[in-house]
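# Examination of the molecular architecture
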Amino acid sequence: MNQTVDILIKLLRAEIDENYVLPELSLSSETIKSMLETARKHSLAHLVSDALKRTQKTEDTALLSLLNSNVYSAVIRHQILDDELKQIASVLERHQIPYIPLKGSVLCEDYPKAWMRSRRDIDILVSSKNHQKACDALCEELKYSFFRENKNDRVFTTRNQLTVEVHHQLISDDYIPQAMSFLDSVWKKSSPVSAGSYCFRMDSDMYIYHHIAHMAKHCLEGGCGIRPVLDLWIISKNRDYMSDELRRWLKKSGLLVFAESMNELCKVWFCDEPHTKATLAIQEFIVVGGEMGNENFCHFRRMKKRGGKIGYFLSRIFVSYDEIKEQYPIVEKHKFLMPFCQFHRLFSFIFGKKRNVMKSEVQKVNTVSQTDNKIISNAWKHLGIDKKF
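Now for a description of the structure that goes with this document. Bear in mind that the values here come from a model prediction, so they are computed numbers and not experimental data.

## Points about the packing of aromatic side chains
Tallying each qualifying case throughout the model produces eight aromatic pairs. Centroid distance Trp187 to Phe200: 5.6 Å. Interplanar angle 75 degrees. Geometry classified as edge-to-face. Separated by 13 residues along the polypeptide, Trp187 in the loop between α7 (180–183) and β6 (190–192) and Phe200 in strand β7 (residues 200–202) bring together distant segments of the chain. Residue class for Trp187 comes out partly exposed when judged on its relative accessible area of 26%. Between the aromatic rings of Trp233 and Phe270, the centroid separation amounts to 4.4 Å while the plane-to-plane angle is 15 degrees, which identifies the pairing as stacked. Taken together, the residues Trp233 in helix α9 (residues 227–238) and Phe270 in helix α11 (residues 256–271) connect sequence positions 37 residues apart. Across this residue pair, the class does not change: Trp233 and Phe270 are buried. By way of ring pairs, the aromatic residues Tyr144, Phe146 and Phe156 are connected into one cluster. Just above the ring of Trp233 sits the side chain of Lys237; from NZ or CZ to the centre is 4.6 Å.

## Things to note about the sheet that holds strand β4 (residues 153–157)
Read across the sheet, five strands follow the order β1-β2-β5-β4-β3 without closing on themselves; strand pairing throughout is mixed. Edge positions in the open sheet fall to β1 (100–101) and β3 (145–149), since each of these has one partner strand only. In this sheet, strand β2 (residues 122–125) lies alongside β1 in antiparallel orientation, the contact comprising two bridges. When the bridges of β2 are listed, Pro101 appears paired with Ile124. Of the strands in this sheet, β2 and β5 (163–167) touch helix α4 (residues 61–94), which is tilted by about 25 degrees from β2. Against the sheet, helix α6 (residues 128–142) contacts β4 and β5, and its axis sits at roughly 0 degrees relative to β4.

## Focus: the pairing of β4
Burial analysis of β4 places five of its five residues in the buried class, the great majority of the element. Here β4 shows no split at all, with Asp153, Val155 and Thr157 on one side and Arg154 and Phe156 on the other all buried. The sheet contact formed by β3 and β4 spans four bridges and is antiparallel. Looking across to β4, one finds that Glu149 is bridged to Arg154. A loop of three residues connects β3 with β4, the two strands running antiparallel in sequence.

## Re the environment of Asp203
As for its placement among the helices and strands, Asp203 is situated in the loop between β7 and α8 (204–221). Judged by relative accessible area, which is 27%, Asp203 ranks as partly exposed. Put simply, Asp203 and Ser191 are twelve residues apart on the chain and 7.6 Å apart in space, counted from C-alpha to C-alpha. Beyond its immediate sequence surroundings of up to four residues, Asp203 is in contact with Lys189 and Ser190.

## Remarks on the layout of surface pockets
Approximately 370 Å³ is the volume attributed to the second largest pocket. Forming the walls of the second largest pocket are 17 residues, and the residues nearest its centre are Ser43, His46, Arg77, Ser118 and Arg119. Counting residues per element, the ones that place at least two in the lining of the second largest pocket are α3 (45–55) and α4. For the lining of the second largest pocket, the residue count by class is four nonpolar, seven polar and six charged.

## Thoughts on unusual backbone geometry
The backbone of Ser43 shows a phi angle near 55 degrees, a positive value even though the residue is not glycine. By the secondary structure assignment, Ser43 is in the loop between α2 (29–40) and α3. For Ser43, a relative accessible area of 15% corresponds to the buried category. Positive phi, normally seen in glycine, also occurs at Gln96, with a value near 55 degrees. Structurally, Gln96 can be placed in the loop between α4 and β1.

## Remarks on the environment of Phe156
Looking at the element boundaries, Phe156 is found in strand β4. With a relative accessible area of 2%, Phe156 lands in the buried category. Taking the C-alpha atoms as reference points, Phe156 and Leu138, 18 residues apart in sequence, are found 9.3 Å from one another. If near-sequence neighbours (up to four positions away) are discounted, Phe156 is found in contact with Cys135, Cys139, Tyr144, Ser145, Phe146, Phe147, Leu162, Thr163, Val164 and Val166.

## Overview of α8
With 18 residues, α8 should cover 26 Å at 1.5 Å per step; its first-to-last C-alpha distance of 26 Å lies within 8% of that length. A positive backbone phi angle near 130 degrees is found at Gly222, which sits one or two residues after α8.

## Brief notes about the packing of α8 against helix α10 (residues 244–252)
Taken N-terminus to C-terminus, the directions of α8 and α10 make an angle of 30 degrees; their axes are 10 Å apart at the nearest point. Taken together, the axis directions place α8 and α10 in an arrangement best described as roughly parallel. As for how α8 packs across α10, the hand of that crossing is right-handed. Mapping the contact onto sequence places Asp205, Met206, Ile208, Tyr209 and Ile212 in α8 and Glu245, Leu246, Trp249 and Leu250 in α10. Looking at the contact of α8 with α10, its residues break down into seven nonpolar, no polar and two charged.

## A word on α4
End to end, α4 covers 50 Å across 34 residues, agreeing with the expected 50 Å (1.5 Å per residue, within 8%). Near the N-terminus of α4, the side chain that reaches the backbone nitrogen of Ala62, with its oxygen 3.1 Å away, is that of Asp60. Gln96 sits one or two residues past α4 and shows a positive phi near 55 degrees.

Quick notes on the rules
- Residues numbered from 1 in each chain as written.
- Predicted model: local features only at pLDDT ≥ 70, side-chain atom pairs only at ≥ 80, totals over all residues.
- Heavy atoms only, no water.
- Phe/Tyr/Trp six-rings, centres within 6.5 Å; stacked < 30°, edge-to-face > 60°.
- Helix = DSSP H or I, 4+ residues; strand = E, 2+ residues; numbered from the N terminus.
- Buried < 20%, exposed > 50% of the residue type's maximum accessible area, 1.4 Å probe, protein only.
- Lys NZ or Arg CZ within 6 Å of the ring centre and 35° of its normal.
- Pairing = 2+ DSSP bridges.
- Contact = heavy atoms within 4.5 Å.
- Axes fitted to C-alpha atoms, helices over the stretch in contact; angles between N-to-C directions.
- 1 Å grid on protein atoms, 1.4 Å probe; cavity = no way out; pocket = protein on both sides within 12 Å on 5 of 7 lines; lining within 4 Å.
- Points joined across faces, edges and corners; volume = space filled by probe spheres on them.
- Nonpolar A, V, L, I, M, F, W, Y, C, P; charged D, E, K, R; others polar.
- Expected span 1.5 Å × (residues − 1).
- Parallel < 35°, antiparallel > 145°, perpendicular 65-115°, else oblique.
- Left-handed = near helix turned anticlockwise from the far one by under 90°.
- Polar contact = N/O pair within 3.5 Å; in protein donor to acceptor, adjacent residues only side chain to side chain.

Okay, here's the thing in structure tokens:
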């Protein structure tokens, strides 16, 4: 695995850093296809494909067609998402609703070419007081369809099946509560892109802090993938990466070790520094976890948070008020019914429709191996998130 990752990182570096001279590589078609599959799990197949096209000669026409397809698809998807974001911006400007584009929509500006930063969806932030107004405007004017509501955002699908997340909070406080006081000051740390515009941008410290906190959130979910680390390296090249104020924020919210450890991994991957025990452990966690998090890692986190398997299953049955009222709306008006609803959930898990759901979860939790435990425990320890969150 380490050799494949090493070559993949070299190709990413060659794609992003014009001053980097890629060592001569002799790769078979099968090796390239295997590497592309790894890259795909991290939403990086387009970058690896473009680097391979420029640096490797191949007579495999099917492989060359795949490389071209990966690049063209990324370029086209970027344009489609960019056009959709412009429509969103137009609606919010007309309704005089301040908004902040988030994640890939802004990160792509730091890349040599905007299409190089892949995106799954569009994320925007509006204030809590404007959240309903913004959602109504987008549904009415752009015909968005409601998909689901999370604690910190509302998710919609567009007419051409893109996903748009309208946030009223940057990150749910379920993950890193110590970070919320800093993240909730986002509007104070943002300013309009131009006079009279309702589009705001975070200042450099908030932009970097949000990226680091978002990485930590995904690591707590089971993995963040290679792409956010690449983002961090590119951010550090283009901005004042660690100001005194940012360092204070990170330290107060318990994320300084995490930020420094990820920065060390950046230096190993993209600046030729040697691996340490810590960077090797973090690398294994990131690569195995993939972009969306290894399922076993996710179950490990839930068990750890609840004090083991028994605590985890009890927490699945007896949930919080916020979760209960989603399943039993009547509880919002009659809170005294909450204990009865909890026992109804317990009954459904034992005898009802949810029995198979619980059976499936038991099987999944039991698949969490000692190897999984070791990988995630080592990484969390070196990232400084094993006990704090």
